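Residues per chain are reported as follows:
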Amino acid sequence: MLSIMNEDQKVPVSYIERTVAQAEVVENLARRQKESGDASLAAQLEVEMEKLAFFQNTAKGGHKRRAQSAIEKARGVMRGRAVTQPLPRI
């Protein structure tokens, strides 16, 4: 399987290709649903959008790296709040 380098990690090309293909599916389904207003197409569109979100997330890299990035962001936010809060009066 081929891979593309993305910030010190390898991302399988198949995930990138699947993301592009799924984006086309979502776009076409959204267009059809908008034209017809069919509720069943709206439900199918929601499912396809979830698939697209999954493929986009996996194209970003491995689960370990994504989790580590989320932890670092949360830690930074909490440190920012702790530093900017006023000290209690004594």
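Before any of the text, the structure's been laid out above.
All residue numbers refer to positions counted from 1 along the written sequence of the respective chain. Given that the model is predicted, a residue must reach a pLDDT of at least 70 before its local features are reported, and side-chain atom pairs must reach 80 or more before they are shown or counted; all residues, however, enter totals for whole chains, interfaces and linings. To obtain the side-chain values, all non-hydrogen atoms of the structure were included, while hydrogens and water were left out.

This next bit is on the overall build of the protein. Numbered from the N terminus, helices here are DSSP runs of H or I no shorter than four residues, and strands are runs of E no shorter than two. Within the protein one finds three helices and two strands. Ordered by position from the N terminus, the helices and strands of the protein form the series β-β-α-α-α. Think of it in three bands: with a 1.4 Å probe and only protein chains considered, a residue is buried below 20% of the maximum accessible area for its type, exposed above 50%, and partly exposed in between. Buried residues in the protein amount to 17% of all 90 residues. Whether two residues are in contact is decided by their heavy atoms, any of which lying within 4.5 Å being enough. Here the contacts in the protein between residues at least 6 apart in sequence split such that 47% fall between residues at least 24 apart. Each accessible area is a Shrake-Rupley result for a 1.4 Å probe, and residues are judged covered by the shown protein chains and nothing else. Split by element, the accessible area of the protein, about 7500 Å² in all, is 57% carbon and sulfur.

This part is about the environment of K51. As for its placement among the helices and strands, K51 is situated in helix α2 (residues 39–59). Judged by its relative accessible area of 40%, K51 is partly exposed. For the pair K51 and V26, spaced 25 residues apart in the sequence, the C-alpha separation amounts to 9.3 Å.

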